[in-house]
Amino acid sequence: PMPIAPPLPLAIAQLAPTGSLAAGLKAVRSVAAKHPGPGLLLLPEGAVNGYFAADPAAARASAIPVQALELLAAELPGERAVVLGFTELRDGALFNSAAVLYGGRVLGVCSKVDGRERGFESGTAGPLFQAGGLSFGVLICRDARSASAAARLAKMGAQVLLFPLNNALPLDIADRWRFRHLAIARSRAQETGCWVLTADVVCQAPSLRGYGCSVLVDPSGTLRAQVPEGRVGSVELTPP
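Because the structure is predicted, anything quoted here is derived from the model rather than measured.

Chemist: I tried to follow the side chain of D200 on my own but got confused; where do I start?
Modeler: Within the fold, D200 resides in the loop between β10 (195-199) and β11 (203-204). In this structure D200 is buried but unpaired, with R178 as the nearest side chain of opposite charge at 10 Å. Within the local environment of D200, its side chain forms a polar contact with the backbone nitrogen of N167, the two atoms lying 2.9 Å apart. Filtering out sequence-adjacent residues up to four positions away, D200 remains in contact with A13, Q14, L15, P44, L165, N166, N167, G212, C213 and S214.

Following this line, the structure appears as structure tokens:
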């Protein structure tokens, strides 16, 4: 059978864990510049200002309100929806969130529902986003394991499901999960008939490993593109 064509250009970026807000913003700008024009670009969980699983004090020190991303949104080319993870401060509480930047503004934000990060609040089920003729939903990392959450977005009309990930994990867990992320992405695609995009981090430290699982999976569950494991980079799939 002929390969299924993406509805618009779809791009994913695999990054090193963010060391600071300045470094995160620089990485976002650099990747966005490589993927101009209409479509979607997905960056990892915590891409902007870091991901903090077990240190609420560090998370709070780095957290920003979503309004702080307005300047970035105004800088980026407005034709492409850019979806990026960030540690959010909202009404004094911490959330593990993803923002959608499009048309020179912050189009919306959603937060992880099934989080395990210490000191963070749980979000509520995210909305369906519409940008540039695409309908899409976002499930942050652990939320992507939920078949019912993905089915809900597909029922609302999502063509694409976006999974921002941050799998810089203790060595034994990283090895155990190394290939599971792709299996989850393929399952969600087959169940929903949606395109599935994941964007992950890569790192190599004495106690942490991030192999990176940044993939584009078509609605049949076929892997169509992938950023090489262990490498910082991005990849784009375009309609023929």
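Chemist: Would you mind showing me how to read unusual backbone geometry here?
Modeler: A negative phi angle is the norm for most residues apart from glycine, just as the trans form is the norm for most peptide bonds. Positive phi values are uncommon outside glycine, yet D91 reaches one of about 50 degrees. For D91, the position within the fold is in the loop between β3 (80-90) and β4 (93-102). For D91, a relative accessible area of 81% puts it in the exposed group. With a phi close to 45 degrees, C141 is a non-glycine residue in the positive phi region. As for its placement among the helices and strands, C141 is situated in the loop between β7 (134-138) and α4 (147-156).

Chemist: Explanation requested: the sheet that holds strand β1 (residues 10-14) in the structure shown.
Modeler: By definition, the strands of a sheet pair up through backbone hydrogen bonds, in either a parallel or an antiparallel sense. Taking strand neighbours across the sheet as the criterion, the six strands line up as β5-β4-β3-β2-β1-β15 in an open arrangement whose pairing is mixed. Since the sheet does not close on itself, it has two edges, and those belong to β5 (105-111) and β15 (233-237), each with one partner. Here the average twist between neighbouring strands, direction ignored, is 25 degrees.

Chemist: Sorry, what's going on with the pairing of β10 here?
Modeler: Side chains on a regular strand alternate between the two faces of the sheet. Burial runs high along β10: five of the five residues are buried. Residues of β10 alternate between two faces, with W195, L197 and A199 on one and V196 and T198 on the opposite face, all of them buried. Examined bridge by bridge, strand β8 (residues 160-164) and β10 share five bridges and lie parallel to one another. Bridging from a neighbouring strand, L162 pairs with L197 of β10.

Chemist: I keep staring at the state of the cysteines and nothing clicks. Help me out?
Modeler: Here a disulfide denotes a covalent bond joining the sulfur atom of one cysteine to the sulfur atom of another. Taken as a whole and assessed by the stated rule, the structure comprises zero disulfides. Take C213: it sits in no disulfide, and the sulfur closest to it among the cysteines is that of C141, at 10 Å. C213 gets classed as buried once you look at its relative accessible area, which sits at 4%.

Chemist: What should I look at first to understand the packing of aromatic side chains in this one?
Modeler: Ring pairs (aromatic) are described by centroid distance and by the angle formed between their planes. Inspection of every chain in the model, using the stated rule, returns one aromatic pair. Considering the side-chain rings of F129 and F136, the 5.7 Å spacing of their centres and the 25 degrees angle between planes classify their relative orientation as stacked. Judged by relative accessible area, F129 falls into the buried class, the value being 5%. Under the relative-accessibility criterion, F136 is labelled buried at 0%. The ring centre of Y211 lies 4.0 Å from the NZ or CZ of R178, which sits over that ring.

Chemist: Just checking my understanding: could you explain the pattern of salt bridges for this structure?
Modeler: Close approach of charged atoms lets side chains of opposite charge pair. In total, this model carries 10 salt bridges according to the counting rule given. D114 is the partner of R142 in a salt bridge, and the nearest nitrogen-oxygen pair spans 3.1 Å. Linking R142 in the loop between β7 and α4 with D114 in the loop between β5 and β6 (129-131), this pair joins segments that are 28 residues apart in sequence. For D218, the salt bridge identified is with R224, shortest N-O distance 3.2 Å. Exposure remark for D218: the relative accessible area of 3% places this residue in the buried category. A residue is classified by how much of its surface remains accessible, and R224, at 26% relative accessible area, is partly exposed. Among the charged side chains, a network of salt bridges with common partners joins E45, K112 and E117.

Thresholds, definitions, all that
Residues numbered from 1 in each chain as written. Predicted model: local features only at pLDDT ≥ 70, side-chain atom pairs only at ≥ 80, totals over all residues. Heavy atoms only, no water. Helix = DSSP H or I, 4+ residues; strand = E, 2+ residues; numbered from the N terminus. Buried < 20%, exposed > 50% of the residue type's maximum accessible area, 1.4 Å probe, protein only. Lys, Arg positive; Asp, Glu negative; His and termini not counted. Salt bridge = Lys/Arg side-chain N within 4 Å of Asp/Glu carboxyl O. Polar contact = N/O pair within 3.5 Å; in protein donor to acceptor, adjacent residues only side chain to side chain. Contact = heavy atoms within 4.5 Å. Pairing = 2+ DSSP bridges. Axes fitted to C-alpha atoms, helices over the stretch in contact; angles between N-to-C directions. Disulfide = S-S within 2.5 Å. Phe/Tyr/Trp six-rings, centres within 6.5 Å; stacked < 30°, edge-to-face > 60°. Lys NZ or Arg CZ within 6 Å of the ring centre and 35° of its normal.

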